[in-house]
Amino acid sequence: QVKVVESGGGLVHAGGSLTLACLASGDIFSLIHMDWYRQGPGKQRELVASVSSRGSTNYIDSVKGRFTIKKPVYLQMNSLKPEDTAVYYCNVRGLRIGSEEFDAWGQGTQVTVSS
């Protein structure tokens, strides 16, 4: 079984910074893809940033230049804006020991940016 736990959320003023961390544990053989999603109040969940096992990264336009995703998986968020307020979720895909694929989600961590 694979477990994913996020940490690092909190309340910051606009312009501030936070770093989210995602810890994946269990019978993991390898990680293939790691993503950060977010879901704001009254909004659909959206993919914010992703990083592959090879290190290639992708970001949505609204966070480019402000957010950085790093392996194993962290999300460094700078110049935060009130519209970044959301619950942030980590999604990890990979292979378990024995080569079974897994796709695991954490419970989320709240990020609130005050104006």
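Residues numbered from 1 in each chain as written. Predicted model: local features only at pLDDT ≥ 70, side-chain atom pairs only at ≥ 80, totals over all residues. Heavy atoms only, no water.

Enquirer: I'd like a description of the sheet that holds strand S1 (residues 2–7), backed by residues and values.
Expert: Ordered in space as S1-S3-S8-S7, the four strands form an open sheet in which the pairing is antiparallel. The sheet is open, and its two edges are formed by S1 and strand S7 (67–70), each paired on a single side. The average undirected angle you get between the axes of adjacent strands in this sheet is 15°. Both S1 and strand S3 (residues 18–26) contribute to a ladder of six bridges, which runs antiparallel. Residue pairing across strands places serine 7 opposite alanine 21, the latter belonging to S3. (Pairing = 2+ DSSP bridges. Helix = DSSP H or I, 4+ residues; strand = E, 2+ residues; numbered from the N terminus. Axes fitted to C-alpha atoms, helices over the stretch in contact; angles between N-to-C directions.)

Enquirer: Residues and numbers for the pairing of strand S10 (residues 101–105), please.
Expert: Across the two faces of S10 the burial differs, with Phe102 and Ala104 buried and Glu101, Asp103 and Trp105 not buried at all. Of the strand pairs in this sheet, strand S9 (residues 86–96) and S10 are connected by five bridges, and their pairing is antiparallel. Counted as the bridge partner of valine 92 is alanine 104 from S10. In this antiparallel pair of consecutive strands, S9 and S10, the connection spans four residues, and glycine 98 shows a positive phi of 100°. (Buried < 20%, exposed > 50% of the residue type's maximum accessible area, 1.4 Å probe, protein only.)

Enquirer: Kindly report on unusual backbone geometry, identifying the contributing residues and their values.
Expert: Lysine 71 connects to proline 72 through a cis peptide bond whose omega is 5°. Within the element layout of this structure, proline 72 appears in the loop between S7 and strand S8 (74–77). Here serine 79, not a glycine, exhibits a phi torsion of approximately 50°, which is positive. Looking at the secondary structure, you find serine 79 in the loop between S8 and S9.

Enquirer: Kindly report on the nonpolar core, identifying the contributing residues and their values.
Expert: Of all hydrophobic cores here, the largest spans 26 residues; its most connected members are Trp36, Phe67, Leu75, Met77 and Tyr88. The leading source of residues in this core is S9, at four residues. (Core = buried A, V, L, I, M, F, W, Y, C linked by side-chain atoms within 4.5 Å.)

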